[in-house]
Amino acid sequence: MLFDDQYLEEIKSRIDIVELVSQYVSLQPAGRNYRALCPFHEEKTPSFLVSPEKGIFHCFGCGVGGNIFTFVMKMESLTFPEAVAFLAEKCGMELPTLGKSITRQTKERDKLFLLNETLSRYYYQCLLNPGDELAHAARSYIYERRGLKPEIIEQFGIGFSPASGKESIAFLMEAGFSGQDVIKAGVGVVTKSGELLDRFRGRITFALHDVQGRVIGFGGRILGDGEPKYVNVSDTPVFSKGRNLYGLFASRNFIQRSHQAILVEGYMDFLTLFQEGINNCVASMGTSLTKDQAMLLRRYAEEVIICYDSDAAGQAATVRGMNILQEQGITVRILPIPAPYDPDSFLRQKGREKFLEIMEEAPSLFDFQLELFVKDYGLSSLESKAKIIRGMVPFLQSIRDPVERSLKVSYLSERLKVGESVIYSALRREKAPEAVLSSFVSRESGKVKAEKMLLRAMMESQFWRETVVKELEVQNFSRPEHRRIFRVFADSEEEGNLSPSDLIDIFSGDEEISCCITEIMTREDLQGGLNQEVVEDLIRRLKLASVEEEMQRIQEELSREDNEERLQYYHFLSQEREKLKRLD
């Protein structure tokens, strides 16, 4: 392990897992635990459980589980050392100096973060360079034409990359980075002649941040006319366009407090909104919203107002984003910006109050899409109504709440003057495949369940741990993960309990074991009054199952070849089986 147990325990003692998880999902009390829709997979019924007593979480839908470190690793896409550093900073603890055991992957990611941060500061200084005519043009565009203030420019890392494409590369080399580092960061491109140049040369640059505020890449806008207008860094070990949202690092607290996010398309749209004090905004960095971006939004917002351009491409992007968001259980409204404006130009010319006024009137996605279809097809014929119904089916299917879906069907029926049965018939015919989570139904054998109950007892009590270790051996457990957990208990010389969270730390990096531990500790059917009689019965069952499995194996051997010694052993096992049965 990279960190000693005492250090990890101190972090766990300072971080409330319920408070931590609540920063990402909406938790609801469920007895002594808390429940929520799982942030790691799509679901309609909450199956994600957090246990404050045990310091763990588990999802009965996708099987993911762990402690505070595991949770942060998955939510923030961090390595284990990065997750520890993240939580240490959150609770005000200094990070110990890590030795040679730090992973190569972590070193590589840290180097890319440093390169991006270094380059962001360089681009910013280049933007302010009074001796560069193109930098002057970039400043004129940003300050005068777009009206951005110096504090916004600095906060969000807006800069300029010199036109030759060589200066920034030379600067990075002097700072100790290699050409391979520059290419790996997605900043450098190699020309046909073999020359390494800056991908964003001659462009205004926009630093891209992850949720923690680290610079993970860049976007660049051309000065003047030309194509492509914008270029983005390619996917790297620290950046994936489809998994990040521009500006979220600065706006997420505002979004969480308001439970609402305004989703725009471009950097400038976001920056203008944020500058005008409309801080619960975020940009998708392109017209197509991805499923990962929708899941990221769901961590912070209950409602999303989509605010894309008023042109045809912008409306198409709005439509593409609708279902993705609604399928995540997010309420969606549409803010159509009047032509010929985009969100940025509307705010600059009409002002903040006018923007908020039209935002208040933003229709639901259902009403917005219905009116688009009515505008396209009309209501004058049966054929046009059929087209509208077929067009609305995907939107109806993406509504999770059956009551809301029924109300929408009734409304559509009245608007089109057709029977509800016609719409329901279309829904049945074109029903989209979906993963419907039913409550957990155990398909495991009685032996496997008995193993889990005993492992749970060992996690909860040193007395039971000593009892089970004395009576059973590793071979009595059927599943590899159960054997590994039992072996830790058997080999442990520590006094007192080994908590579930401690066990997860011992198996740090093994997601299968973490999920197994959290499942055992959170499943309701494994809870209950464990007493001497129950534990002894569970031990007897495992011993009996092991004996019967061994008898079955020997019987198969004897069917192939006579062996007096094995036959005697078989009779011995038969007697042991009868003894164990009599104890029932």
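Located above this text is the structure these notes cover.
Residues numbered from 1 in each chain as written. Predicted model: local features only at pLDDT ≥ 70, side-chain atom pairs only at ≥ 80, totals over all residues. Heavy atoms only, no water.

### Points about the overall build of the chain
Test applied: Only DSSP runs of H or I with at least four residues qualify as helices, and only runs of E with at least two residues qualify as strands; both kinds are numbered from the N terminus onward. Contacts were defined at the residue level, with two residues in contact if any of their heavy atoms lie within 4.5 Å. Every accessible area reported is derived by Shrake-Rupley at a probe size of 1.4 Å, with residue values counting cover from the shown protein chains alone. When charges are counted, Lys and Arg are positive and Asp and Glu negative, with His and the chain ends excluded. Charge coordinates come from a single atom per side chain, which is NZ of Lys, CZ of Arg, CG of Asp or CD of Glu.
Broken down by element type, the chain carries 26 helices and 15 strands. Considered along the principal axes of its C-alpha atoms, the chain spans approximately 95 × 70 × 50 Å. Contacts in the chain between residues far apart in sequence, at least 24 positions, make up 66% of those at least 6 positions apart. Summing over all exposed atoms, the chain offers an accessible surface of approximately 28,000 Å²; the carbon and sulfur share of this is 48%. The centroid of the 74 positive side-chain charges in the chain is displaced by 4 Å from the centroid of its 89 negative side-chain charges.

### Quick word on the pattern of salt bridges
The following threshold applies: In what follows, salt bridge is the name for a side-chain nitrogen of Lys or Arg lying within 4 Å of a carboxyl oxygen of Asp or Glu. Summary of the burial criterion: residues with accessible area below 20% of their type's maximum are buried, those above 50% are exposed, and those between are partly exposed, where the area comes from a 1.4 Å probe applied to protein chains only.
Within this structure, the stated rule accounts for 29 salt bridges. Two residues, K12 and E9, come together in a salt bridge whose shortest N-O distance is 2.8 Å. Linking K12 with E9, this pair stays in helix α1 (residues 5-14), spanning three residues, or about one helical turn. Overall, K12 belongs to the buried group, its relative accessible area being 14%. The partly exposed category is assigned to E9, whose relative accessible area is 33%. Put simply, E371 and R415 hold a salt bridge, and the shortest N to O gap is 2.5 Å. Of this pair, E371 sits in helix α16 (residues 365-377) while R415 sits in helix α18 (residues 402-416), placing them 44 residues apart in sequence. Judged by its relative accessible area of 38%, E371 is partly exposed.

### Looking at the sheet that holds strand β3 (residues 48-51)
Put simply, the test is: Pairing between strands requires that DSSP locate at least two bridges from one strand to the other. To obtain an axis, a line is fitted to C-alpha atoms, over the contacting stretch when the element is a helix, and the angle between two such axes runs from 0 to 180 degrees between their N-to-C directions.
The strand order across the open sheet formed by five strands is β1-β2-β3-β4-β5, and the pairing between neighbours is antiparallel. The strands lining the two open edges of the sheet, one partner per strand, are β1 (28-30) and β5 (65-66). As paired elements, β3 and strand β4 (residues 56-59) share four bridges and run antiparallel to each other. When the bridges of β4 are listed, F48 appears paired with C59. Sheet strands in contact with helix α24 (residues 511-522) are β3, β4 and β5, and its direction is about 95 degrees off that of β4.

### A word on the layout of surface pockets
The method is simple in principle: a probe with the dimensions of a water molecule rolls over the atoms, and the space it marks as empty is what remains. Just so we agree on the cut-off: A cavity here means a set of 1 Å grid points, computed over protein atoms only, where a 1.4 Å probe fits but cannot escape. A pocket is an open set with protein on both sides within 12 Å along at least 5 of 7 lines, and lining residues have an atom within 4 Å of a point. Grid points are joined across faces, edges and corners, and a volume is the space filled by probe spheres set on the points.
The calculated volume of the largest pocket comes to roughly 780 Å³. Forming the walls of the largest pocket are 33 residues, and the residues nearest its centre are L37, E302, Q328, G329 and I330. At the level of secondary structure, the elements contributing two or more residues to the lining of the largest pocket comprise β2 (33-36), β15 (331-334), α16 and α18.

### With respect to helix α26 (residues 564-582)
Definition in use: Multiplying 1.5 Å by the residue count of a helix minus one yields the expected span of that helix. Read the arc as the range of directions from the helix axis to the C-beta atoms. Polar contact is the term for a pair of N or O atoms within 3.5 Å; when the atoms are in protein, one must be able to donate a hydrogen and the other to accept it, and sequence-neighboring residues count only if both atoms are side-chain atoms.
Relative to the 27 Å expected for 19 residues at 1.5 Å per residue, α26 spans 27 Å between its end C-alpha atoms, a close match to the ideal helical length. Residues of α26 that are buried include every one of Y570, L573 and L580, and no others. Viewed along the axis of α26, the buried residues span an arc of 80 degrees, placing them on a single side of the element. Away from the buried face of α26 by more than 90 degrees, exposed residues E564, Q568, Q575 and R582 are located. Where α26 is buried, its residues contact α25 (532-560). Here α26 starts with a cap whose side-chain oxygen sits 3.1 Å from the backbone nitrogen of E565, and that cap is N563.

### A closer look at the pairing of β2
As judged from the three bridges shared by β1 and β2, these two strands associate in the antiparallel manner. Looking at the pairing, Q28 lines up with R35 of β2. Hairpin connection between β1 and β2: a loop of two residues separates the two successive antiparallel strands, and G31 in this loop has a positive phi of roughly 70 degrees. Where β2 and β3 come together, three bridges link them in antiparallel fashion. Among the inter-strand pairings, Y34 is bridged to a residue of β3, identified as V50.

### Focus on the environment of R252
You can see R252 is positioned in helix α10 (residues 248-258). Accessibility expressed as a relative area gives 19% for R252, which makes it buried. Taking the C-alpha atoms as reference points, R252 and E451, 199 residues apart in sequence, are found 43 Å from one another. Once residues within four sequence positions are removed from consideration, R252 is found in contact with E76, V211 and Y300.

### Looking at the packing of helix α14 (residues 343-350) against helix α15 (residues 352-360)
Applicable threshold: Orientation categories follow fixed angle ranges, with anything under 35 degrees roughly parallel, anything over 145 roughly antiparallel, 65 to 115 roughly perpendicular, and all other angles oblique. The classification used treats Ala, Val, Leu, Ile, Met, Phe, Trp, Tyr, Cys and Pro as nonpolar, Asp, Glu, Lys and Arg as charged, and all other residues, Gly among them, as polar.
It is the contact of α14 with α15, at a shortest axis distance of 6 Å, that shows an interaxial angle of 125 degrees. The pairing of α14 with α15 is recorded here as oblique in orientation. Contact residues: α14 offers F346, L347 and K350, while α15 offers R352, K354, F355 and I358. When grouped by side-chain class, the residues that make up the contact of α14 with α15 number four nonpolar, no polar and three charged.

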